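# Architecture at a glance
The residues making up each chain are set out below.
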Amino acid sequence: QEYRRILLTGAAGGLGKVLREGLKPFASVLRVSDRVDIGTAKTGEEVVLCELGDKAAVHRLVEDCDAVVHFGGVSVETNFDPILEANIVGLFNVYEAMRKHGVKRAVFASSNHVTGFYKQADRIDADDPVRPDGLYGVSKCFGENLSRFYFDRYGIETACLRIGSSFPEPKDRRMLATYLSYADLIELVRRALFAPKVGHTVIFGASDNKVTWWDNAKAEHIGFKPRDTSEVFRARVEAAGPPLDPSNPVAIFQGGAFVTAGPFDD
Ligand code: 15L
């Protein structure tokens, strides 16, 4: 099972680097893109430098691709200008280009920060209202809504991956709940690319962690079954330091430190 050409945006990013390798078996050609240098094309690759805010460049980027795996954009809380340019205007450019060039499926790197103001004591699913924990989270809500519109109106399918914390290992206690291993990330993207019917789906991206805040029952048609668990890191994480004061918002809310980040001046 393979696409002719997949576009991966954000190839210089933490997860982009993982997917640059991980997506290789899924396409004859992997077009990798970022705004910063990502080196020369390896076997089976095309390299395109592109600013997401540059409409004409994004249209050239998307042309001739059969699926888009969109991991480009701002990935942290910061001032609004770069978020606006990459995550709002840039995302619109990507979806318009998909519409114009007939691309029918996308995988969108959404984030747990779309629902970061739920409490860690809550358990939520994809139908619970969004509660973004910052401007970054708001921009990811925009992406989820924009992609829903492009599905309802134009039939372009998107799997919105509300990624938890995808790193080599969880860095703190919160990430014992939000951890998504790289292997599970690649499996999640694979399912999102090849599930026969995606429609518009919101799915939380977490490994099979013992403590979880997220219920993926609404996304069973994607067929994602995580295989890793944060439990193997628990002892090390807990030994690294005492728990946060339970009255600290970072310990109360699912978004962790994002709920206290900013405001940033432009
Ligand atoms: C995100 O959305 C960020 O992109 C990532 O760097 C992590 O901080 C992650 O969320 C998280 O919540 O741990």
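These numbers come from a predicted model, not from an experiment.

A few words on helix 2 (residues 55-62). Residues of helix 2 that are buried include every one of Ala-57, Val-58, His-59, Leu-61 and Val-62, and no others. For helix 2, the elements touching its buried residues are strand 1 (3-9), strand 2 (27-34), strand 3 (45-49) and helix 3 (80-101). Asp-64 occupies a position one or two residues after helix 2 and carries a positive phi of about 75°.

Residues in close proximity to the ligand include Ser-75, Ser-111, Asn-112, His-113, Tyr-136, Gly-164, Ser-165, Phe-167, Arg-174, Met-175 and Phe-258, which together make up its full environment. In the environment of the ligand, an oxygen atom lies 2.9 Å from a nitrogen or oxygen atom belonging to the side chain of Ser-111. Within the complex, 81% of the 320 Å² of free accessible area of the ligand lies under protein. Of the residues contributing to the shell around the ligand, the split by class is four nonpolar, six polar and one charged.

Take the pairing of strand 8 (residues 200-205) next. The buried fraction of strand 8 is high, at six of six residues. With burial as the criterion, each face of strand 8 is covered, one bearing His-200, Val-202 and Phe-204 and the other bearing Thr-201, Ile-203 and Gly-205. Taken together, the six bridges between strand 7 (residues 157-163) and strand 8 define a ladder with parallel strand orientation. Counted as the bridge partner of Cys-160 is Val-202 from strand 8.

Attention now goes to the sheet that holds strand 7. In sheet architecture, strand pairing relies on hydrogen bonds along the backbone and comes in two forms, parallel and antiparallel. The strand order 3-2-1-4-5-7-8 describes an open sheet built from seven strands, whose pairing is parallel. On the outer flanks of this sheet lie strand 3 and strand 8, each paired with one strand and no other. If you compare each strand with its neighbour and ignore which way they point, the axes differ by 20° on average. Set on the sheet, helix 4 (residues 135-154) makes contact with strand 5 (105-111), strand 7 and strand 8; between it and strand 5 the angle comes to about 155°.

Right, let's talk about helix 6 (residues 182-194) for a bit. Compared with an ideal rise of 1.5 Å per residue, which puts 13 residues at 18 Å, helix 6 spans 18 Å between its outermost C-alpha atoms and is within 8% of the ideal. If you check which residues of helix 6 are buried, you get Asp-184, Leu-185, Glu-187, Leu-188, Val-189, Ala-192, Leu-193 and Phe-194. Packing partners of the buried residues in helix 6 comprise strand 1, helix 1 (14-22), strand 4 (67-70), strand 5, strand 7 and strand 8.

Two elements in contact, helix 1 and helix 6, have axes separated by 10 Å at closest approach and are oriented at 65°. As helix 1 packs across helix 6, the resulting crossing turns out to be right-handed. Residues Leu-15, Val-18, Leu-19 and Gly-22 of helix 1 pack against Tyr-182, Leu-185, Ile-186 and Val-189 of helix 6. Considering only residue class, the contact of helix 1 with helix 6 consists of seven nonpolar, one polar and no charged.

Moving on to the environment of Met-98. Relative to the elements of secondary structure, Met-98 occurs in helix 3. For Met-98, a relative accessible area of 1% corresponds to the buried category. Taking the C-alpha atoms as reference points, Met-98 and Ile-156, 58 residues apart in sequence, are found 8.1 Å from one another. Setting aside its immediate chain neighbours within four residues, Met-98 contacts Val-62, Val-68, Val-103, Arg-105, Ala-106 and Ile-156.

The next point concerns a nonpolar patch on the surface. Taken together, the side chains of Phe-80, Leu-84, Val-89 and Leu-135 make up a nonpolar region of the molecular surface, amounting to roughly 280 Å² of accessible area. The element that contributes the greatest number of residues to the nonpolar patch is helix 3, accounting for three residues. Checked against the element boundaries, Leu-84 lands in helix 3.

Moving on to the nonpolar core. In terms of nonpolar packing, the biggest core is built from 34 residues, with Ile-6, Leu-23, Val-69, Phe-71, Leu-161, Val-189 and Leu-193 touching the most fellow members. Contributions of two or more residues to this core are made by strand 1, helix 1, strand 2, strand 4, strand 5, strand 7 and helix 6. Broken down by element, the residue count for this core peaks at six residues, all from helix 6. Apart from the residues lying within four places of it in its own chain, the contact partners of Leu-193 are Tyr-3, Ile-6, Leu-23, Phe-26, Ala-67, Val-69, Arg-105 and Val-107. The next biggest cluster of nonpolar side chains, apart from the first, holds 27 residues, and it includes Leu-7, Val-58, Val-94 and Ala-106.

Rules of the game
- Residues numbered from 1 in each chain as written.
- Predicted model: local features only at pLDDT ≥ 70, side-chain atom pairs only at ≥ 80, totals over all residues.
- Heavy atoms only, no water.
- Buried < 20%, exposed > 50% of the residue type's maximum accessible area, 1.4 Å probe, protein only.
- Helix = DSSP H or I, 4+ residues; strand = E, 2+ residues; numbered from the N terminus.
- Contact = heavy atoms within 4.5 Å.
- Near = heavy atom within 4 Å.
- Polar contact = N/O pair within 3.5 Å; in protein donor to acceptor, adjacent residues only side chain to side chain.
- Areas by Shrake-Rupley, 256 points an atom, 1.4 Å probe, with all protein chains shown as cover.
- Nonpolar A, V, L, I, M, F, W, Y, C, P; charged D, E, K, R; others polar.
- Pairing = 2+ DSSP bridges.
- Axes fitted to C-alpha atoms, helices over the stretch in contact; angles between N-to-C directions.
- Expected span 1.5 Å × (residues − 1).
- Left-handed = near helix turned anticlockwise from the far one by under 90°.
- Patch = residues over 30% accessible without salt bridge, like charges linked within 9 Å, V, L, I, M, F, W, Y side chains within 5 Å.
- Salt bridge = Lys/Arg side-chain N within 4 Å of Asp/Glu carboxyl O.
- Core = buried A, V, L, I, M, F, W, Y, C linked by side-chain atoms within 4.5 Å.

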